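Chains, contacts and geometry: an overview
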Amino acid sequence: MSARPRRIGILGHTGRPGVRHAIVALGRRLGRRGCEVRIERELAATLDRPGEPLERLAAWSQLLIALGGDGTVLTGGRALAGRRGVLLGVNFGGLGFLAAAEQDELDRAVDAALAGTWPVVTRPLLRAAVTRRRRTIARACAMNDAVVRGAGGHAAIHLQMHALGQDLGHLVADGVIAATAAGSTAYSLSAGGPVLAPAVEAVVVTPVCAHSLGSRSLVLPPDDEVNLQLIGSLDRCVLVLDGQEPLPLEPGDDIRIRLERAGVRCVDNPGRPFARSLQRKLGWQGSARRSM
């Protein structure tokens, strides 16, 4: 950040233990430093305080602090999409792979973000557009992934897939995941997709439980897009963004997904490199003894 932030927004998971207590203490510390603090509306209601709708809070904040798990960080990231504000994620949940710091590091992380001693990196977003009968009916963004699947999760879907300037044919699968580098360590990884380093600008397209041995993950360059035409399913189908926002689909819909030029500016912790997170949080294995 070029200038020290003074407008601080706070977003938090209302069900995570310790979040409300941390916000009260954090608000006092920031106030003593001359910062103006505003809290997201639903979280503020649990503290009997006035709050701001998330979109308005994101537009106002120079620094948006997200306290919770990865879902809270993703919510903050989508709200900041294309804005100048910076996101600081602090893990009060379980895995917390996207957070820059853990709960017991909150004060240190906030101090580093205010002082500018931790770098700010831009994470790319996915942009998804749904076209129905030649009319765009929805546009939305995702920080991790966009998933086309059955709403009930028990019936295969039929899709026509187009990417790299070619028709890639008819795909029958439980779903298809399009993920950013950040999202490559989430649902896509569980479905057998590759891990991408955070600096890689690409879209990973991973079929979920494909009904063919030849259907594998595909890594697309940043200027390409994947086009999925929904042929049909025995189940209702949805487009799910970051595992949180389902959009209903109909047979014949076209879903186009690509990297968004405007990303999310995030505080990065230099003391927690990506490779270490792979080892500590995802259990990346390897030792000299095992290789002998």
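Anything mentioned here points back to the structure above.
Just so it is clear, the model here is predicted, and its values are computed rather than measured.

Here histidine 13 shows up in the loop between β1 (7-12) and α1 (19-32). Distance from histidine 13 to glycine 68, taken between C-alpha atoms, is 5.1 Å for residues 55 residues apart in sequence. Ignoring anything within four residues of it in the chain, the contact list for histidine 13 reads Val19, Leu67, Gly68 and Thr72. A distance of 2.9 Å separates a polar side-chain atom of histidine 13 from the backbone nitrogen of glycine 15.

In total, this model carries 19 salt bridges according to the counting rule given. Among the ionic pairs, arginine 83 bridges to glutamate 55, the shortest N-O distance being 3.3 Å. Pair noted here: arginine 83 is in the loop between α4 (70-79) and β4 (86-91) and glutamate 55 is in helix α3 (residues 54-60), with a separation of 28 residues, a long-range link. Given a relative accessible area of 47%, glutamate 55 falls into the partly exposed group. In this structure, glutamate 260 engages arginine 127 in a salt bridge whose closest nitrogen and oxygen atoms are separated by 2.6 Å. Taken together, the positions of glutamate 260 in strand β17 (residues 254-267) and arginine 127 in strand β6 (residues 120-132) put the pair 133 residues apart, joining distant regions of the chain. A residue is classified by how much of its surface remains accessible, and arginine 127, at 31% relative accessible area, is partly exposed. Through salt bridges with shared partners, a single network forms among Arg29, Arg33, Asp107 and Asp111.

What follows concerns unusual backbone geometry. Residue arginine 133 is not a glycine yet carries a positive backbone phi of 50°. Structurally, arginine 133 is set in the loop between β6 and β7 (135-142). Taking the relative accessible area as the measure of exposure, arginine 133 reaches 69% and is therefore exposed. If you check the backbone angles, aspartate 242 has positive phi at about 55° while not being a glycine. Looking at where aspartate 242 falls in the secondary structure, it is placed in the loop between β15 (237-241) and β16 (245-249).

Definitions and limits used
Residues numbered from 1 in each chain as written. Predicted model: local features only at pLDDT ≥ 70, side-chain atom pairs only at ≥ 80, totals over all residues. Heavy atoms only, no water. Helix = DSSP H or I, 4+ residues; strand = E, 2+ residues; numbered from the N terminus. Contact = heavy atoms within 4.5 Å. Polar contact = N/O pair within 3.5 Å; in protein donor to acceptor, adjacent residues only side chain to side chain. Salt bridge = Lys/Arg side-chain N within 4 Å of Asp/Glu carboxyl O. Buried < 20%, exposed > 50% of the residue type's maximum accessible area, 1.4 Å probe, protein only.

Read these as spatial facts, not as claims about activity.
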